[in-house]
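Topology and contacts: notes
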Amino acid sequence: MTGDSSASRPSSQRWWAPWANRKRRAPADLDAPGVSPSDVLLDGVRDYHGTMAPLVRPIMAELAFAQKPQHLFITCVDSRVVPNIITASGPGDLFINRNVGNLVPRFGSRTPDDSVAATVEYAVNVLGIRTITVCGHSNCGAMAALLAGGTEVEHLRSLTHWLRHGHRSLARFLDEGPDERAPLARLCQINVEQQLDNLLTYPWLRTMVDAGDVELVGLYLDLESAEVSALNRETRAFAPVAGTPPQEPVPAP
């Protein structure tokens, strides 16, 4: 390999940043005439090929024909939530299910939807995953919609239909009454608890959890501080995940 190896190594100030914040393209350029969203996306792919792909290629080659993820991670589709960043995980670590509001339809729900249950079944029964995490976040639009009453809008019928799976979270929020948390933050956190409870409505999974074969974890990402808290299911309180592990250098290709 010739030349400066750092040229092919992603800068710690670049790889995780939004496209608009990268030095190679000023934020104003994203709205420039002739620059389409697909141009920006493909520009990102080129950046990946030139910087990150050489680093992950050996790992991807090992994973190409089999996956052995450690965790099933259920979280929101919100673009600000990036599971691999907040867990410092890489390819093959997380089996991820993303949906509006990080909801888990209950077993036998009157509003049928098998997408999340299918993910859970495959994760546990095929991949052998033994930890299921539900990760919520602050300022969640789905929870804000529930607080607003979830009124059906003509062009958002599918969304309104899906949010019915959050009605138990809202009922729990209303039953428990206010505390020191802002209403939206309180509902976002209560929703994490409720979705973990929803997982336990599946008899086969409840049996595995009770036997200690599957662990359920609740996380909450505060967007403003970028800090992650973990749920203590006994006290029903979220506490910051303490400690800062030593930083490992990115290996050269």
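Here we summarise the structure given alongside this text.

Thresholds applied
Residues numbered from 1 in each chain as written. Predicted model: local features only at pLDDT ≥ 70, side-chain atom pairs only at ≥ 80, totals over all residues. Heavy atoms only, no water. Axes fitted to C-alpha atoms, helices over the stretch in contact; angles between N-to-C directions. Helix = DSSP H or I, 4+ residues; strand = E, 2+ residues; numbered from the N terminus. Parallel < 35°, antiparallel > 145°, perpendicular 65-115°, else oblique. Left-handed = near helix turned anticlockwise from the far one by under 90°. Contact = heavy atoms within 4.5 Å. Nonpolar A, V, L, I, M, F, W, Y, C, P; charged D, E, K, R; others polar. Pairing = 2+ DSSP bridges. Salt bridge = Lys/Arg side-chain N within 4 Å of Asp/Glu carboxyl O.

**Regarding the packing of helix 7 (residues 167-176) against helix 8 (residues 183-199)**
Packing of helix 7 against helix 8 brings their axes to within 8 Å, and their N-to-C directions diverge by 120 degrees. Of the possible angle classes, the one that applies to helix 7 and helix 8 is oblique. Regarding helix 7 and helix 8, the two cross each other, and that crossing is right-handed. Seen from helix 7, the contacting residues are Arg-168, Ser-169, Leu-170, Arg-172, Phe-173 and Glu-176; seen from helix 8, they are Pro-183, Arg-186, Leu-187, Ile-190, Asn-191, Glu-193, Gln-194, Gln-195 and Asp-197. When its residues are assigned to classes, the contact of helix 7 with helix 8 shows five nonpolar, four polar and six charged.

**Some details on the sheet that holds strand 1 (residues 71-76)**
In spatial order, the strands read 2-1-3-4-5-6; together these six strands make up an open sheet with mixed pairing. Among the strands making up the open sheet, the edge pair consists of strand 2 (94-99) and strand 6 (237-240). Averaged over all pairs of adjacent strands, the angle between strand axes in this sheet comes to 30 degrees, irrespective of strand direction. Note: strand 1 against strand 3 (residues 131-137), four bridges, orientation parallel. Note on strand 3: the bridge partner recorded for Thr-75 is Cys-135.

**Re the pattern of salt bridges**
Counted under the stated rule, the structure contains nine salt bridges. The residue Arg-172 makes a salt bridge to Asp-197 at a minimum N-O spacing of 2.8 Å. Taken together, the residues Arg-172 in helix 7 and Asp-197 in helix 8 connect sequence positions 25 residues apart. Residues participating in the shared-partner salt-bridge network are Arg-172, Glu-176, Glu-193, Asp-197, Arg-233 and Arg-236.

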